[in-house]
Amino acid sequence: MSFSHFDRAIAVFDFGSQYSQLIVRRIRELGFQALLHQPGQVGEIGRPSAIILSGGPRSTSEPDAPDIDFDRLMEYGVPVLGICYGMQLLNLKCGGRIHPGTTREYGPALLRPAVADGLMAGITDSQVWMSHSDTCERPESARVLAENQDGIPVALQWDDRMFGIQFHPEVSHSQQGGRMLANFLAMAKDPAKFEIGAFKDRLVAETREIVAGRPVVCGVSGGVDSTVLAALLHEAGVDVRCLFVDNGLLRKNEVQDVVAQFEEIGIQIEVIHAADRFLTALAGVEDPEEKRRIIGKLFVDVFFSAAGDIQLLAQGTLFPDVIESATSGSIASTIKTHHNRVSQIMELARQGKVLEPLSDLFKDEVRALGRAMGLNPRVLGRHPFPGPGLAVRCPGAITEERLEIIREADEIFIDALRRHGLYDSVWQAYAAVLPCKTVGVKGDERVHEAPVVLRAVASQDAMTAEWVRLPGEFLAEVSNRILNGVPGVSRVLYDISTKPPASIEWE
Ligand code: XMP
């Protein structure tokens, strides 16, 4: 079920480059709406204001190389920019040839503009980022816009509205890449601005139209994505049933907090109390993957049996999930893929009953959307919390006693981060408990109790992370409060591991 959002967007066709989403992102940073499409969708993109063909890992000389209906593309009558693979494809379509390379040119190269207008306006000799193996032999009529350090053309113009560049303007290593994209956008035909307020109004109207009075079921977690999604459905006047599964692996007071958070938006959520089922199924299980499997499967069972007959299921899938699930190995995306692949959801999707209004947005854009809807900044600034909950912070067998230790220690840590004004500068912070005993002295007695680990990381996207240098005094305060206030803990450790190689979560 698709949302079109805006007429006159910049249409980016994805030929499989790892940077396709980045192109969309850069365009939005320049203030214009961009949407990503598959080449096969060339006839279904509304009225674009300009078109970009992305790079890709393949070679145009391969027998089943990705292609696009060029005649259809030309009918739009708007400027077209090919990047790497996209450039090679355009060169072929315009009568040039491609010479397959044997090695891949990957990394920095020097760009020497040969002209000073159009795409190259204001561009000086500078570094660009290359990633290709094939090279273009241009047709006679093509104009060379720039060369590399060896005098080989790396930017071409085939006619008054068709351009190609052999490098990636979207990556930050291309020093003047943003300027080149801006030059291209200046040629676009009345491009739609990306402005979050207008975007929100459009999304609300479109959601209302697509839902068409049908009841919607939505799984919520209290996280940013599902909260913004529910608020959007609510604002669109949709009859939405929000289900929240209490799997017994939540943080202290989380159920009450999430209920209150939704009440603030005017939504009454239904809490499905399933803690006993989860904890019984997890009893004695130590293998991390087995724990995840049990939790994932039970979640689906519990959710769908509570939901009953679903006419429309709303999901908070974001833009990176859509592509990352295919290209990256991150656990978060694997899990989302796993969730997206569960048979019930696949069946609903087949019937056109899955609604994903946020699937064109990046995380920070979802937050901006939430702000535009007037959501509480505290909700929008919430740290991510994993689907399997405290299970991934409780290595070894999960017991209620060990979960209780995590809950108490976590609350102390998070509360201190908030009071010291540190919460918002941290991507994610939590307490975990280790499955061993460590010796301590309490009163006059030697005790053997659990060690607690504190972890706080800085990150942009959870793919890489750096441990946060929290002040020693701050850590001392948190450690004292945990050691004196949480029964069963005799030691507090601070995790100083970067990701990679360590992951953010403990399991
Ligand atoms: P890792 O531990 O892989 O975590 O560095 C990266 C981000 O993903 C979150 N995470 C999960 N989220 N289900 C989720 O919904 C999961 O199974 C899961 N595992 C990790 C983690 O909290 C971090 O934000």
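Residues numbered from 1 in each chain as written. Predicted model: local features only at pLDDT ≥ 70, side-chain atom pairs only at ≥ 80, totals over all residues. Heavy atoms only, no water.

1. Quick notes on the overall build of the protein chain
- Looking only at helices and strands, the protein chain has 16 helices and 21 strands in total.
- The proportion of buried residues among the 507 residues of the protein chain is 53%.
- Put simply, of all contacts in the protein chain between residues at least 6 apart along the chain, 76% involve residues at least 24 apart.
- Counting only carbon and sulfur atoms, one obtains 51% of the accessible surface of the protein chain, whose full area is about 22200 Å².
- Here the protein chain carries 51 positive and 67 negative side-chain charges, and the mean point of each set is 1 Å from the other. (Helix = DSSP H or I, 4+ residues; strand = E, 2+ residues; numbered from the N terminus. Buried < 20%, exposed > 50% of the residue type's maximum accessible area, 1.4 Å probe, protein only. Contact = heavy atoms within 4.5 Å. Areas by Shrake-Rupley, 256 points an atom, 1.4 Å probe, with all protein chains shown as cover. Lys, Arg positive; Asp, Glu negative; His and termini not counted. Charge placed at Lys NZ, Arg CZ, Asp CG, Glu CD.)

2. A closer look at the packing of helix α6 (residues 224-235) against helix α13 (residues 363-372)
- As a packed pair, α6 and α13 sit with axes 10 Å apart at the nearest point and diverge in direction by 40°. Relative to α13, α6 is oriented oblique. Judged by the sense of rotation from one axis to the other, the crossing of α6 with α13 is left-handed. Residue-level contacts link V224, D225 and V228 of α6 to K363, V366, R367, L369 and G370 of α13.
- In terms of residue class, the contact of α6 with α13 is made up of 4 nonpolar, 1 polar and 3 charged. (Axes fitted to C-alpha atoms, helices over the stretch in contact; angles between N-to-C directions. Parallel < 35°, antiparallel > 145°, perpendicular 65-115°, else oblique. Left-handed = near helix turned anticlockwise from the far one by under 90°. Nonpolar A, V, L, I, M, F, W, Y, C, P; charged D, E, K, R; others polar.)

3. Topic: the domain arrangement of the protein chain
- Domain boundaries assigned for the protein chain yield domain 1 (10-185), domain 2 (196-380) and domain 3 (399-494).
- Between the C-alpha centres of domain 1 and domain 3 there is a distance of 49 Å. (Domains from an automatic or database assignment.)

4. Concerning the environment of A198
- Mapped onto the fold, A198 is located in helix α5 (residues 196-211).
- Residue A198 is classed as partly exposed on the basis of its relative accessible area of 33%.
- The spacing of A198 and V447 is 249 residues in sequence and 61 Å in space, taken between C-alpha atoms.

5. A few points about the side chain of T60
- Relative to the assigned elements, T60 resides in the loop between β3 (50-53) and α2 (70-75).
- Residues contacting T60, with those up to four places away along its chain left out, are A65, Y85, Q88, L89, L92, I98 and D134.

6. Observations concerning unusual backbone geometry
- For the bond from K499 to P500, the omega torsion is -15°, close enough to zero to count as cis.
- Relative to the elements of secondary structure, P500 occurs in the segment after β21 (489-494).
- The peptide bond linking P500 to P501 adopts the cis configuration, its omega dihedral lying at 5°.
- Relative to the elements of secondary structure, P501 occurs in the segment after β21.
- Its identity is not glycine, yet R8 carries a phi of approximately 65°, on the positive side.
- The class for R8 is partly exposed, based on a relative accessible area of 28%.
- Even without being a glycine, D190 presents a positive backbone phi close to 50°.
- Position of D190 among the secondary structure elements: in the loop between α4 (177-185) and α5.

7. Side note on the pattern of salt bridges
- Inspection of the entire model under this criterion finds 34 salt bridges.
- Ionic pairing is found between R26 and E29, a salt bridge with its closest N-O pair at 3.1 Å. Pair noted here: R26 and E29 are both in helix α1 (residues 20-29), with a separation of 3 residues, about one helical turn.
- According to the relative accessible area criterion, R26 is partly exposed, its value standing at 22%.
- With its nearest N and O atoms 3.0 Å apart, the salt bridge here joins R407 to E400.
- Judged by its relative accessible area of 38%, E400 falls in the partly exposed class.
- Salt bridges sharing common partners tie together R25, R26, E29 and D364. (Salt bridge = Lys/Arg side-chain N within 4 Å of Asp/Glu carboxyl O.)

8. Thoughts on the nonpolar core
- Of all hydrophobic cores here, the largest spans 56 residues; its most connected members are F413, L417, L470, F474 and I482.
- Mapping this core onto the domain boundaries places at least three of its residues in each of domain 2 (196-380) and domain 3 (399-494).
- Among all residues touching F474, those that are not within four sequence positions of it are F413, A416, L417, H420 and L422.
- Residues A231, I265, L312 and A368 belong to the second largest nonpolar core, which totals 41 residues. (Core = buried A, V, L, I, M, F, W, Y, C linked by side-chain atoms within 4.5 Å.)

9. Let's talk about the sheet that holds strand β13 (residues 240-246)
- Pairing within the open sheet is parallel, and its 5 strands lie in the order β14-β13-β12-β15-β16. Edge positions in the open sheet fall to β14 (270-273) and β16 (354-355), since each of these has one partner strand only.
- Sheet topology note: the strand β12 (residues 216-219)/strand β15 (residues 312-314) ladder contains 3 bridges and is parallel. Along β15, the bridge assignment pairs V216 with L312.
- Against the sheet, helix α9 (residues 288-307) contacts β12, β13, β14 and β15, and its axis sits at roughly 145° relative to β13. (Pairing = 2+ DSSP bridges.)

10. Examining the pairing of strand β11 (residues 162-165)
- Going residue by residue along β11, you find M162 and G164 tucked away on one face and F163 and I165 tucked away on the opposite face as well.
- Relative to β11, strand β4 (residues 80-83) runs parallel, the two being bridged by 4 bridges. Note that in β11 the partner of I83 across the bridge is I165.
- Pairing geometry for strand β10 (residues 153-159) and β11, over 4 bridges, is antiparallel. Across the sheet, L156 pairs through a bridge with G164, a residue of β11.
- Taken together, β10 and the strand that follows it, β11, pair antiparallel across an intervening segment of 2 residues.

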